[in-house]
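Structural description and commentary
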Amino acid sequence: MRLKTSLLKEPKHRELVSCVGWTTADELYSCSEDHQLLRWNLLSSETTLVVKLPDDFYPIDLHWFPKTVGGKKQTPAEIFVLTSTDGKFHLVSKMGRIEKSVEAHKGAVLAGRWNHDGTALITAGEDGQIKNWSKSGMLRSTLANQGSPVYSVAWGPDSERILYTLGRHLVIKPLQPSAKVIQWKAHDGVILKVDWNSVNDLILSGGEDCKYKVWDSFGRLLYLSLSHDYPVTSLSWAPDGEVFAVGSFNTLRLCDKTGVRNVMNDAVDVLEFRDRVIKASLAFGHLVVATSLQCYIYNTRNWNTPHIFDLKEGTVSLILQAERHALLVDGAGLYIFSYEGRFISSPKFPGMRADMLNAQCVALSNDTVAIRDKSDEKVILLFDALTGKPLGDGKSLTHKLEVVEVALDQCGPSTERKIALIDKNRDLYLTSVRYLGREPKICKIGSMIHSMAWNNAANILCGVQDNQLTVWYYPNAVFIDKELLPKTLYAKDGSEFSNAPHILSYVDTKVRLRQRDGSLLYTSVPPYAVLLHEYASSARWEDALRLCRFAKYQSLWACLAAMAIANRELTTAEMAYAAITELPRVHYINFIKQQPSKESSLAHLLLFSGQVQEAEAILLQAGLIYQAIQVNIDLFNWDRALELAVKHKTHVDTVLAYREKFLQTFGRKETNKRFLQYAKGVEVDWEKIQAKIEMELSKERERAANMSVRSSLAQRR
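Summarised in this report is the structure supplied together with it. Computed from a prediction, not measured in an experiment: that's the story for all the values here.

Quick notes on the pairing of strand E43 (residues 461-465)
Of all 5 residues that make up E43, 5 are buried, and the element is covered over most of its length. In this structure, strand E42 (residues 449-454) lies alongside E43, joined through 5 bridges in antiparallel fashion. Bridge pairing in E43 places Trp454 opposite Leu461. Hairpin geometry of E42 and E43 is characterised by an intervening segment of 6 residues between the two adjacent antiparallel strands. Linking E43 back to strand E44 (residues 468-472) in an antiparallel pair, the connection comprises 2 residues, with Asp466 at a positive phi of about 55 degrees.

Right, dumping it as structure tokens:
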């Protein structure tokens, strides 16, 4: 990235410019000690005088009212707050008219900031006070009263906390009076400026010690710059939280969120654009470039004829790509376009704040869009990518803790789409996106995960786990055979990485990471798992077996076992389990293969994966009542077994007999009232019970044989 700066031959301001504020990506307002408020248009390069302020008016800080609230443009977005040296703050319209002036502090008002939803304003002054105001300028409360000037303040992402400077310290204060205040020494000199990004939840500070630092919201240091020649007097995050700017005397630096400076290089520009480039993304064979006015979509096989369409706003903050389409986020909403430039859909939900979305809280696949709800970070909203409508009955996915990152797998049918999420405890979970009305099963598959990414060609997940790179060759194994999951992992020592690097992408066999020092690092993953996924998806089981025999990795055999079970390929599953010496599972697979009917076989296959209710439902639907009862007896679900027997008026004596045998084995007496009730009126005769069971099995075998004959006759016809 290049930081382009320019100086006018004839400056428009005659004195020091004390504050600036962007209205759009192409329009800027500035205010100076020459008492002028100017509007700058980057497209036309025109500068116009908005208003000439009074001669005794000396501005300090300027901040625009939030542009979008609840996904809709609001009239108050045409207003900004302007603080001054006379102890007042002023609400000023876009046309330069002062709507209201408020006596706020004794001495200069050093900072004024709207919260993210535009419902409150905080000011900080030379008098050491921090005050909370309504959006109309009415005083609500005094949040702090310090003994020294407060040079800078910022709102937390949730608008429930504020960050302010206190000499060499930073303070995070919740608005609730009884909540805990966090305070820490941040610099060796007075802190002059802070900013708190609403998207990545990171804090930026700079001070008279000539350094700038990046912190998390718990006050932990993430990056410390070198000492520069002059104090850091200004800094600001970009809205998307990917980069920030740092200002000092005669110096301007553009940095990424790890704190590393982006330097100019001598690369040749191959593609030229009419307007400034705002965002760009390259994936799945397409380059998507957003300028201040248009979007360009290039196919990597043809750079000459891009698809071009106009943008509603020139403030694109995020571009995500899937195999078939791309998602663009600007200040007003989310938009999905095909790679031919055709508009597909625009997911919406109540209270949506598109300006607060980033790559960690939005995920895209060919058929699904997942968005973490900013108003409740435990909730993930799911939308159909092709229609923009909520999935299923509109129910959202709710986790037990706040979610910090989401990611959708990219391959396979939409009915098998999976979403991975990292929660506040840094635990990694996996669940299905389309759960067809049932409560989703959310399974934990890892802990201490700092970053994650799905592979572009197969549903393989990688993550930075503690001090290593972990690859889940087949995450879906957690739903098929949970005990098999640890055997499907590949771990790579992280000694070559810095502490907790961030995964940028996982393409084919290459994982691209950005380290703490900002450098890019590539690491490779063995290619066999991608091939195994390809063979399994195309039912090439012989090829899959040959690959596992060639590679001789236990992790591949474990993956093949789970894949075969998922696809009901029992012979392959039996061989794969045998290769990893899972003999009890081999015996159970043999038992499944010996079942007299397809329904029984399928039911026991579901039991193998722990899906008890689904197995029972299949047996009951097929009229195999005894088999459904016996499944519950085998699992010691005695109440359910008796309930089925009574409901269908059969095998009550069978349930009572097995229950009596079970209690005798453990030397216990019956205490269940329902079993005591039915034991009085039902005679238990093991010979009769065995005869009934054999008759049921004979009926099932006969039924299965008849269906097989009918099927073969139908095929001949």
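Re the sheet that holds strand E28 (residues 294-299)
Pairing is antiparallel in the open sheet, where 4 strands are placed in the order E26-E27-E28-E29. Since the sheet does not close on itself, it has two edges, and those belong to strand E26 (277-283) and strand E29 (302-310), each with one partner. The mean inter-strand angle of the sheet, taken between neighbouring strand axes irrespective of direction, is 20 degrees. Relative to E29, E28 runs antiparallel, the two sharing 5 bridges. Bridging across to E29, Asn299 finds its partner in Asn302.

A short note on helix H8 (residues 612-621)
When we look at burial in H8, the residues that qualify are Ala615, Glu616 and Leu619. The buried residues of H8 occupy one face: seen down the axis, they fall within an arc of 95 degrees. Across H8 from its buried face, at more than 90 degrees, point the exposed residues Gln613 and Gln621. Where H8 is buried, its residues touch helix H7 (598-608), helix H9 (625-634) and helix H10 (638-648). Remark: Gly623 follows H8 within two positions and exhibits a positive phi of approximately 80 degrees.

Here's the deal with the packing of aromatic side chains
The geometry of an aromatic ring pair comes down to the distance between the two centres and the angle between the two planes. Here the structure, examined in full by the defined rule, presents 25 aromatic pairs. Site record: aromatic cluster; members linked through ring pairs are Tyr212, Tyr223, Trp237 and Phe244. When the ring centre of Phe675 is taken as reference, the NZ or CZ atom of Arg659 above it lies at 4.8 Å. Above the ring of Trp686, the side-chain terminus of Lys661 is found at 5.7 Å from the ring centroid.

Here is what the cut-offs are and how they apply
- Residues numbered from 1 in each chain as written.
- Predicted model: local features only at pLDDT ≥ 70, side-chain atom pairs only at ≥ 80, totals over all residues.
- Heavy atoms only, no water.
- Buried < 20%, exposed > 50% of the residue type's maximum accessible area, 1.4 Å probe, protein only.
- Helix = DSSP H or I, 4+ residues; strand = E, 2+ residues; numbered from the N terminus.
- Pairing = 2+ DSSP bridges.
- Axes fitted to C-alpha atoms, helices over the stretch in contact; angles between N-to-C directions.
- Arc of directions from axis to C-beta.
- Contact = heavy atoms within 4.5 Å.
- Phe/Tyr/Trp six-rings, centres within 6.5 Å; stacked < 30°, edge-to-face > 60°.
- Lys NZ or Arg CZ within 6 Å of the ring centre and 35° of its normal.

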